Amino acid sequence: MNRTLSTTERLKLFGVTHQLIDNELSKVESDLGVDLGRTAPRLAEIDSTYYPQFEQALRKEASSMAEHYEVFYCLENTIRQLVCDTMEGVHGADWWNSDKVPSKLRDDVAMRMQRERDSGVTRRSNEPLDYTNFGELSEIIKVNWDAFGSILNSQKAVEKVMSALNTLRGPIAHCCTLAEDEALRLRLSVRDWFRLME
């Protein structure tokens, strides 16, 4: 189903497109060993005290992986916002506590939130949706396809794209190197996601 993107969706698309371009520029800098002056200076205190103690190869690998993390961060939060806005718009502000979210998913999120409270660290959020992963976001969309069918053009494609993103999330979230093929798959999956809204 074709439709015109809303202003909010256009802004989100612009933001992710900007991020993809920025990542390509970072790759050029890395591949050619040049600094295009696009990044703010890092904190000297961290650099001078701890950072030099890590091997150069590891620091270069971390810098390369940071690009993928940024794309993932933007995409995952963009999808969460789409889910939140859509569900609130259709089912009201208390949609999370309704039968519109599978009870097992709510229970799993409640357990994660409690585990974080019990750890004594600063909570990442007060919003349960911020404790969901791609697979769970996909489940919310699937269960509520009546709300998302006018925004996203194929339920099967949503499941496929979200499954790919959930798989790609592992190496990024667990500080492992993303293979070249998987980095390409990530870029394609991001494009696939936005193609679902065309």
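See the structure above.
This is a predicted model, so every value here is computed, not measured. The residue numbering used here restarts from 1 in each chain and proceeds along that chain's sequence as written. Local features are withheld for residues below a pLDDT of 70 in this predicted model, meaning they are given only at 70 or higher, and side-chain atom pairs are given and counted only at 80 or more; totals for whole chains, interfaces and linings count all residues. Side-chain numbers here rest on the full set of heavy atoms in the structure, without hydrogens or water.

**Brief notes about helix α1 (residues 7-32)**
For clarity, the cut-off: Helical segments are the DSSP runs of H or I of at least four residues, strand segments are the runs of E of at least two, and each set is numbered from the N terminus. Helices are assigned an expected span. That span is 1.5 Å times one less than the residue count. Any two residues having at least one pair of non-hydrogen atoms within 4.5 Å are treated as being in contact.
Here α1 contains 26 residues, and its C-alpha end-to-end distance of 37 Å stays within 8% of the 38 Å for a straight helix at 1.5 Å per residue. Along its buried surface, α1 packs onto α3 (56-91) and α8 (180-195). Just downstream of α1 lies Gly33, where phi reads positive at about 65°.

**Considerations on the packing of helix α7 (residues 155-173) against α8**
So the rule is basically this: Whenever a helix is involved, its axis is fitted only over the stretch in contact; in every case the axis is a line through C-alpha atoms, and angles between N-to-C directions fall within 0 to 180 degrees. Throughout, a crossing is termed right-handed when the near helix is turned clockwise from the far one, and left-handed when it is turned anticlockwise from it by less than a right angle. Lys, Arg, Asp and Glu make up the charged group, whereas Ala, Val, Leu, Ile, Met, Phe, Trp, Tyr, Cys and Pro make up the nonpolar group; the residues left over, Gly among them, are polar.
Contact pair α7 / α8: the axes reach a minimum separation of 10 Å and the direction vectors enclose 145°. Between α7 and α8 the crossing geometry is left-handed. Residues Val158, Val161, Met162, Ala164, Leu165, Leu168 and Ile172 of α7 form the contact with α8, whose participating residues are Glu182, Arg185, Leu186, Ser189, Asp192 and Trp193. Taken together, the residues of the contact of α7 with α8 sort by class into 9 nonpolar, 1 polar and 3 charged.

**Thoughts on the layout of surface pockets**
Spelled out, the test is: Two kinds of site are reported from a 1 Å grid over the protein atoms alone, namely cavities, where a 1.4 Å probe fits but cannot get out, and pockets, open sets with protein on both sides within 12 Å along at least five of seven lines, and residues are called lining when an atom falls within 4 Å of a point. Grid points are joined across faces, edges and corners, and a volume is the space filled by probe spheres set on the points.
Taken as a whole, the second largest pocket holds about 450 Å³ of empty space. Lining the second largest pocket we find 15 residues, and of these Tyr69, Glu76, Arg80, Arg124 and Arg169 sit closest to its centre. Secondary structure elements with two or more residues in the lining of the second largest pocket: α3 and α7. The biggest single contributor to the lining of the second largest pocket is α3, with 6 residues. Its residues placed into classes, the lining of the second largest pocket shows 6 nonpolar, 3 polar and 6 charged.

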